[in-house]
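An overview of the molecular structure
Next come the chains, spelled out residue by residue.
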Amino acid sequence: MANLDDIDRRLLAELQAEGRVTNVELAQRVGLTAPPCLRRVRGLEEDGVIRGYHADLDPSRLGFAITVFAMVSLKSQAESALREFEEHMRALPEVRECHMLNGEIDFILKIVSKDLQSFQEFLTGKLTPAPNVESVKTSLTIRTAKQEPGVPL
């Protein structure tokens, strides 16, 4: 875990809320001048605390009308089988998140699709025949009550 002081935490909170803030504005918000602010941010990037900057896109405005969560059980939990499945999921652009779980289900996936027909084609053509898949259970998202990226700071 990174050793962060109060200023680092405030920098991270500001950047997490607004990744496009200028260095000058960010420095003002946390009570620094621009040069030390930039040094701190670069240090947080170099330490891997800040992994990147991303735009928050609206899937529906880009034609992705549905989000589905898929619970996947594998035939084998051998490390090689797990890695092969994970590598396959990384290659599928529709799969936006892939998490290995503890318990009855091996993985939960967050999948976006343009419509139900496209999702059905993805399910039967790409997900179900993926390496080592034993079963897939899916749940279509009705609405999203909270979608908060990052961590509480």
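The structure this text deals with has already been given above.
Quick look at the structure, then.

Calculation rules
- Residues numbered from 1 in each chain as written.
- Predicted model: local features only at pLDDT ≥ 70, side-chain atom pairs only at ≥ 80, totals over all residues.
- Heavy atoms only, no water.
- 1 Å grid on protein atoms, 1.4 Å probe; cavity = no way out; pocket = protein on both sides within 12 Å on 5 of 7 lines; lining within 4 Å.
- Points joined across faces, edges and corners; volume = space filled by probe spheres on them.
- Helix = DSSP H or I, 4+ residues; strand = E, 2+ residues; numbered from the N terminus.
- Nonpolar A, V, L, I, M, F, W, Y, C, P; charged D, E, K, R; others polar.
- Domains from an automatic or database assignment.
- Phe/Tyr/Trp six-rings, centres within 6.5 Å; stacked < 30°, edge-to-face > 60°.
- Buried < 20%, exposed > 50% of the residue type's maximum accessible area, 1.4 Å probe, protein only.
- Lys NZ or Arg CZ within 6 Å of the ring centre and 35° of its normal.
- Core = buried A, V, L, I, M, F, W, Y, C linked by side-chain atoms within 4.5 Å.
- Contact = heavy atoms within 4.5 Å.
- Salt bridge = Lys/Arg side-chain N within 4 Å of Asp/Glu carboxyl O.
- Patch = residues over 30% accessible without salt bridge, like charges linked within 9 Å, V, L, I, M, F, W, Y side chains within 5 Å.
- Areas by Shrake-Rupley, 256 points an atom, 1.4 Å probe, with all protein chains shown as cover.
- Axes fitted to C-alpha atoms, helices over the stretch in contact; angles between N-to-C directions.
- Parallel < 35°, antiparallel > 145°, perpendicular 65-115°, else oblique.

Each pocket or cavity is described by its volume, and for the largest pocket that value is around 2300 Å³. His-54, Ala-55, Asp-56, Pro-149 and Gly-150 are the residues nearest the centre of the largest pocket, which is lined by 49 residues in total. Listed by contribution, the elements that provide at least two residues to the lining of the largest pocket are α1 (6-17), β1 (66-74), β2 (95-100), β3 (107-113) and α5 (116-127). Taken together, the residues of the lining of the largest pocket break down into 22 nonpolar, 14 polar and 13 charged. Here the lining of the largest pocket spans two domains, since at least three of its residues come from each of domain 1 (6-47) and domain 2 (59-140).

It is worth spelling out the packing of aromatic side chains at this point. Two descriptors summarise a pair of aromatic rings, namely the distance from one centre to the other and the angle between the planes of the rings. For the structure shown, the criterion picks out two aromatic pairs. Ring centres of Phe-85 and Phe-107 lie 4.7 Å apart, and the angle between their planes is 45°; this geometry places the pair in the tilted category. Residue Phe-85 is found in helix α4 (residues 79-90), and its partner Phe-107 is found in strand β3; the two are separated by 22 residues along the sequence. Like Phe-85, the residue Phe-107 is buried in the burial classification. Ring geometry for Phe-119 and Phe-122: centres 6.5 Å apart, planes at 35°, overall tilted. On the criterion of helical spacing, the pair formed by Phe-119 and Phe-122 is a turn pair, its members being three residues apart in helix α5. Taking the relative accessible area as the measure of exposure, Phe-119 reaches 6% and is therefore buried. If you follow Lys-114 out to its NZ or CZ, it ends over the ring of Phe-64, 4.4 Å from the centre.

Quick look at the nonpolar core now. By size, the foremost hydrophobic cluster in this structure holds 19 residues, and its most contacted members are Val-72, Phe-85, Met-89, Leu-109, Ile-111 and Leu-127. Counting only elements with at least two residues in this core, the list comes to β1, α4, β3 and α5. Broken down by element, this core gets its largest block of residues, five residues, from β1. Apart from the residues within four sequence positions on either side, Phe-85 is in contact with Val-72, Leu-74, Cys-98, Phe-107, Leu-109, Ala-130, Pro-131 and Val-133. Residues Leu-11, Leu-12, Leu-32 and Ile-50 belong to the second largest nonpolar core, which totals 12 residues.

Our next topic: the pattern of salt bridges. Enumeration according to the criterion identifies 10 salt bridges in this entry. A salt bridge links Asp-5 to Arg-40, with the nearest nitrogen and oxygen atoms 3.0 Å apart. Of this pair, Asp-5 sits in the segment before α1 while Arg-40 sits in helix α3 (residues 34-46), and the two are 35 residues apart along the sequence. The class for Asp-5 is partly exposed, based on a relative accessible area of 33%.

Turning our eyes to something else, we now look at a nonpolar patch on the surface. There is a patch of nonpolar side chains on the surface, built from Leu-57, Leu-62 and Phe-64 and spanning about 290 Å² of accessible area. When you line up the elements, Phe-64 lands in the loop between α3 and β1. Residue Phe-64 is classed as partly exposed on the basis of its relative accessible area of 30%.

For the rest of this paragraph, the subject is the packing of helix α2 (residues 23-30) against α3. In the contact formed by α2 and α3, the axes pass within 9 Å of each other and the chain directions differ by 95°. On the basis of their axis angle, the class for α2 and α3 is roughly perpendicular. Along its contact with α2, which presents Asn-23, Val-24, Leu-26 and Ala-27, the element α3 presents Ala-34, Cys-37, Leu-38 and Val-41. Split by residue class, the contact of α2 with α3 holds seven nonpolar, one polar and no charged.

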